[in-house]
Amino acid sequence: MDKLTLGNKEFESRFILGSGKYSLKLIEAAVKDAGAEIITLAVRRANTQEKENILDFVPKNVTLLPNTSGARTAEEAVRIAKLSRELGCGDFVKIEIMRDTKYLLPDNQETIKATEILANEGFVVLPYMYPDLNVARDLVNAGAAAVMPLGAPIGSNKGLATKEFIQILIDEIELPVIVDAGVGKPSQACEAMEMGAAAIMANTALATAGDLPLMAKAFRQAIEAGRKAYLAGLGRVLTRGASSSDPLTGFLRD
Amino acid sequence: MENQFFVDSEHLSKEALEKKHQLENDPSCRSNPMEYMPGMEKIDSDVCDKVMNEVKSFDYIKYTAKDVRAALQHESCSVEDFKALLSPAAEPFLEEMASRARLETGKHFGNTVYIFTPLYIANYCENYCVYCGFNRYNHISRMKLTLEQIEEEMKVIAKSGMEEILILTGESRAQSDVSYIGEACRMARKYFRMVGLEIYPVNTEDYRYLHECGADYVTVFQETYDIEKYEKLHLAGHKRVWPYRFDAQERALMAGMRGVAFSALLGLSDFRKDALASAMHVYHLQRKYPHAEMSLSCPRLRPIINNDKINPLDVHEKQLCQILCAYRIFLPFVGITVSSRESAEFRNGIVKIAATKVSAGVSTGIGDHESKYEGKDSGDKTGDEQFEINDNRSLKKMYGDISEEGLQPVLNDYLYV
């Protein structure tokens, strides 16, 4: 079976619901129609007395992926991760460290630091990062369970703006590469999966769809199709460079 | 315009009345609004110059429908685009602006609407701001809550389910000093998940102290960025010092506060220029402090006790909506708060377009939450209100109404780290 392994857990589904725009309906659609087995959750949002606490909405068989949004430094991210453990959200943590409230771009340097600290403390660390190969290697060495490069700025629905760089990570990094942020359409999710991404994280694309359950199904099928195409090996139309009908090496004699 | 605000109370002494009239009628007896008073910290910042240069050159008459259309077509809104959206030429495009604003709000905030409530703990004030109910010459019931009374108020509010509180005082450092406010913040942290402050501007070290006490968000309204008009409306007291007020948010950020809020009181001066200035204030501080959270409010004048002549004037709901849409398109990532000064209908409509935060269960008086929330008449003295509110919905009602609109009410999205 083709499964996604993160830490010591295996998942059938390669769709992860991102955080940010929540509603009961969205979570239902993500689990039932998109088949999500992992749901991200902002710890700062779970930190509430509110009657509709998001934690109560998440089915028990779903793995929670708490994120550290609101953290501006590694130190703050570590504190939020520990709070998340105390709140009973488990050992998975998605590191989000942003020093920019406008674009919400991740701070790679601080992310490496937080990854190392939290991995040493037994967390399954999934760092959200700007797709930089050197940083990805550092994250591997720091003990990350996967890397999560952004496709485009959060909420932009712009798809794979960083495609070339994500491809490099996929080619060079031996951890699962999960494309996070920016995926706006099923076709973009499919494209990333064809490239060899291990999973897709999305939220806005679903949350803002006209028919939520239908869009959730579309994402599921797109991700499955992309995965199958990747496993099947893409045909030559999609390989890089042109191929000539006369062999270039036909002159070799012995 | 400013003269229609003047009201003489029969309770003022002869000397006080004389002083008041002198301040009102004789500009030469008023202090220079650009001159710092003793004890006011001066920081080295170029933000004010940048903002005011932009405002100075803003000639909104020159923008045309073509500029507005272009602004709406651009993927990201430049300063020039923003100016076009604020201009009278954009008024016929309100529906298009609203639909673009809604798109941007959705991208950054989804369908969430945050709910908070203000808590006034004292209404003593040393300033003479002619439009404000707390002004020192207005004959109102003055009060400052004791710590025990503050705790009682907080318990009543917390019981309603509220998780974010904004602590306010009148501007009297003598009556409500920084340590008093600090104690109120410490108390608030026991009952609430998030504590904001809207008090008189203070120095960096005071903001640092208040931050240590639990405050994490500072709101300061500049009222108007038009210095000449400011001088005519804020006749006495430390608030008269315009640049010290302007730099308050930056001092708060330097002191480690997580976020800051801005506003002009629309209707005091040329509202288009004030709207531009407020947004540019946010824009330039955000560039300098990219990690900081920022939000904008958009209050209009409201009637006050003893003076019902104070009203929004030329800023009608349509203009207010235009400004809010322009704010949202230019600064898609900032929070926008719409206060209970506006009607329930307006607030219900605007949260679907641009606003991300509303107050509920509001009292702008002092010490009256128990009577207002639970209908109990404690017989205790209460302090008079700063202005009349318009939307008096409780948290429960607001929560229900927001949900019914298909939006998601949120009581807390905050973590102290």
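Report follows, based on the coordinates. (Residues numbered from 1 in each chain as written. Chains lettered and ligands numbered in written order. Predicted model: local features only at pLDDT ≥ 70, side-chain atom pairs only at ≥ 80, totals over all residues. Heavy atoms only, no water.)

Description of the overall build of chain A
Assigned secondary structure in chain A consists of 10 helices and 10 strands. For a compact globule of 254 residues, the expected C-alpha radius of gyration is about 18 Å, and chain A comes in at 19 Å, within 12% of that figure. In terms of overall dimensions, chain A has C-alpha extents of about 75 × 40 × 35 Å along its principal axes. Out of the 254 residues belonging to chain A, those deemed buried represent 55%. In chain A, the share of contacts with a sequence separation of at least 24, taken over all contacts with a separation of at least 6, comes to 63%. Roughly 11800 Å² of accessible area belongs to chain A as shown, and the carbon and sulfur atoms make up 50% of that amount. Across chain A, the mean location of the 29 positive side-chain charges is 4 Å away from that of the 32 negative side-chain charges. (Helix = DSSP H or I, 4+ residues; strand = E, 2+ residues; numbered from the N terminus. Rg over C-alpha atoms; globule rule 2.2 N^0.38 Å. Buried < 20%, exposed > 50% of the residue type's maximum accessible area, 1.4 Å probe, protein only. Contact = heavy atoms within 4.5 Å. Areas by Shrake-Rupley, 256 points an atom, 1.4 Å probe, with all protein chains shown as cover. Lys, Arg positive; Asp, Glu negative; His and termini not counted. Charge placed at Lys NZ, Arg CZ, Asp CG, Glu CD.)

A word on the environment of B:K50
Tracing the backbone shows B:K50 in helix α2 (residues 47-56). By relative accessible area, which is 41% here, B:K50 ends up partly exposed.

Some details on the pairing of strand β4 (residues 38-42) of chain A
Residue and element names in this part refer to chain A. β4 sits mainly inside the fold: five of its five residues count as buried. Residues I38, T40 and A42 of β4 are buried on one face, and the alternating residues I39 and L41, pointing to the opposite face, are buried as well. Pairing between strand β3 (residues 15-17) and β4: two bridges, direction parallel. Paired with L17 across the two strands is I39, which belongs to β4. Direction of pairing for β4 relative to strand β5 (residues 63-67): parallel, over a ladder of five bridges. Directly across from L41, in β5, lies its bridge partner P66. (Pairing = 2+ DSSP bridges.)

Focus: the packing of aromatic side chains
Scanning the entire structure with this criterion turns up 13 aromatic pairs over all chains. Here the aromatic rings of A:F11 and A:F92 are separated by 6.3 Å at their centres, their planes lie at 90°, and the arrangement is edge-to-face. Within this pair, whereas A:F11 is found in strand β2 (residues 9-11), its partner A:F92 is found in strand β6 (residues 92-95), the two being separated by 81 residues in sequence. Using a relative accessible area of 3% as the deciding quantity, one classes A:F11 as buried. The exposure class assigned to A:F92 is buried, which follows from its relative accessible area of 5%. Taking the centre distance of 4.4 Å and the plane angle of 10° together, the rings of B:F82 and B:F330 count as stacked. Of the two residues, B:F82 sits in helix α4 (residues 79-86) while B:F330 sits in helix α13 (residues 317-330), which places them 248 residues apart along the sequence. Judged on exposure class, the residue B:F82 and its partner B:F330 are both buried. Three or more aromatic residues joined by ring pairs form one cluster here, namely B:F82, B:Y283, B:Y327 and B:F330. Sitting above the plane of the B:Y60 ring, B:R272 keeps its charged end 5.5 Å from the centroid. (Phe/Tyr/Trp six-rings, centres within 6.5 Å; stacked < 30°, edge-to-face > 60°. Lys NZ or Arg CZ within 6 Å of the ring centre and 35° of its normal.)

Re the interface of chain A and chain B
Contacts between the two partners involve 25 residues from chain A, matched on the other side by 27 residues from chain B. Across the chain A/chain B interface, buried area totals approximately 2600 Å², and carbon plus sulfur atoms make up 44% of it. On inspection of chain A and its partner chain B, the count reaches three salt bridges. Residue A:K158 pairs with B:E75 through a salt bridge whose shortest N-O separation is 2.3 Å. The interface formed by chain A and chain B holds seven residue pairs in polar contact (both at pLDDT 80 or more) in total. For the side of chain A that touches chain B, the secondary-structure elements that each account for two or more residues are α2 (43-46) and α4 (74-86) of chain A. The leading source of residues in the side of chain A that touches chain B is α4(A), at four residues. In the side of chain A that touches chain B, the residues fall into four nonpolar, eight polar and 13 charged. (Buried area = accessible area lost by both parts, 1.4 Å probe. Salt bridge = Lys/Arg side-chain N within 4 Å of Asp/Glu carboxyl O. Polar contact = N/O pair within 3.5 Å; in protein donor to acceptor, adjacent residues only side chain to side chain. Nonpolar A, V, L, I, M, F, W, Y, C, P; charged D, E, K, R; others polar.)

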